[in-house]
Structure formats: C-alpha cells, structure tokens
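# Structural description and commentary
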Amino acid sequence: MVKQPTIVNATSHTPTIILLILNLMITCALLAHVVYYIPSTTDSAAAPTDRAELAIDLETNGVGTIGLDSTNRVRFDLIKLTGEGTTPEVVQTVTVTQQDFLNSLERFSSFRALLEEKEIIRRNE
C-alpha cells in the first residue's frame, strides 16, 4: 500500500492581520481628521476674524458688494457709510450658500406679499 503525501499548509496569517490592523488605524485617523479638523459649511462662514467682536452689536447702514466667492457661495460685504466723499468701511462679510440665499429671498417675497394683502404696505406706482 502506497502512503499518500500529507499536504501541510504552512502559510502564516500574521502579515494579513498586521495589514488589517494598520488599515483600521488609518481609517480611524482619517475619520477623526474629517470630524474634527475640516470645518463645516456653517463654521467657515462664522470663522473668527480680526473683526469678530463687531458681530455682537453690528450696526450697518448699507450693503456693499454682493457676489460669489471662490466656492460659489453668495458673499455680502456689510458696509458703514461714514460720510460724503469718504471710503465706506467694510464692517462684516457674510457668506451663505446659494440655496440658503434663494430660500431667504423666497421667504422675504412671501412676507412682502402677506403685508400687501393685509394692506400694511403698498407699492408706489
């Protein structure tokens, strides 16, 4: 009778386990970076600036430039008019998403229509 050869699987799983643990650690580090270090949309608009203390009692009497910033968000420069022939002072810059801007316009338009309906205000023609 012929003896059958025995197949021995001597493969070590240690490198695979080490790579899986390393992958898990890198994934956790990436998630921690995303959660703690990347600012959200609202945080970037409220980031502290050198004029952060003015936002508490902000008084403006005009809006300067309105346009899009580099991330295609709507940007307003709130200005304070100081006098005839002087350069307006930018008091604060406000940045909102385009969708928030359009939602605000829609709410304001419906508010204006409600005031006209109740005859609180009227259009000059």
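Data block above holds the structure.
Per chain, the residues get numbers from 1 upward, laid out in the order the sequence is written. At least 70 in pLDDT is required for a residue's local features to be given in this predicted model, at least 80 for side-chain atom pairs to be given and counted, and no such filter applies to totals for whole chains, interfaces and linings, which use all residues. As a rule here, side-chain values come from all non-hydrogen atoms in the structure, and water together with hydrogens is ignored.

Each salt bridge in this description consists of a side-chain nitrogen of Lys or Arg and a carboxyl oxygen of Asp or Glu lying within 4 Å of one another. Scanning the model with the defined rule gives two salt bridges in all. In this structure, the salt-bridge partner of arginine 112 is glutamate 116, at a minimum N-O distance of 3.2 Å. Here arginine 112 pairs with glutamate 116, and both are found in helix H3 (residues 98-117), just four residues apart, close to one helical turn. Burial here depends on accessible area, computed with a 1.4 Å probe over protein chains only, as a share of the maximum for the residue type. Under 20% is buried, over 50% is exposed, and the range in between is partly exposed. Assessed through its relative accessible area of 27%, arginine 112 is described here as partly exposed. Judged by its relative accessible area of 24%, glutamate 116 falls in the partly exposed class. Numbering of helices and strands starts at the N terminus; helices are DSSP runs of H or I of at least 4 residues and strands are runs of E of at least 2.

Note on backbone geometry: most residues besides glycine have negative phi, and most peptide bonds are trans. Here asparagine 72, not a glycine, exhibits a phi torsion of approximately 60°, which is positive. Tracing the chain through its elements places asparagine 72 in the loop between strand E1 (62-68) and strand E2 (74-80). Located in the positive-phi region is glutamate 119, a residue other than glycine, with phi close to 60°. By the element assignment, glutamate 119 lies in the segment after H3.

Mapping aspartate 77 onto the fold places it in strand E2. Here a polar contact is taken to be a pair of N or O atoms separated by no more than 3.5 Å, where protein atoms must pair a possible hydrogen donor with a possible acceptor and residues adjacent in sequence count only if both atoms sit in side chains. Within the structure, the side chain of aspartate 77 is placed 2.9 Å from the side chain of threonine 93, a separation counted as a polar contact.

Two aromatic rings from Phe, Tyr or Trp, using only the six-membered ring of Trp, form a pair when their centres are within 6.5 Å; if the ring planes differ by under 30 degrees the pair is stacked, by over 60 it is edge-to-face, and anything between is tilted. In the structure shown here, the tally under the stated rule is one aromatic pair. Ring geometry for phenylalanine 76 and phenylalanine 101: centres 5.7 Å apart, planes at 50°, overall tilted. Note that phenylalanine 76 is positioned in strand E2 and phenylalanine 101 in helix H3, a separation of 25 residues in sequence. Looking at phenylalanine 76, the relative accessible area reads 17%, which means it is buried.

Here leucine 68 is to be found in strand E1. Residue classification places leucine 68 among the exposed positions, given a relative accessible area of 52%. Residues leucine 68 and glutamine 98 lie 30 residues apart in sequence; the distance between their C-alpha atoms is 8.9 Å. Note on contacts: a residue pair qualifies if any of its non-hydrogen atoms lie within 4.5 Å across the two residues. Ignoring any residue separated from it by four or fewer positions in sequence, one finds leucine 68 in contact with Arg73, Val74 and Gln98.

It is worth stressing that arrangement in space is one thing and function is another; only the former is reported here.
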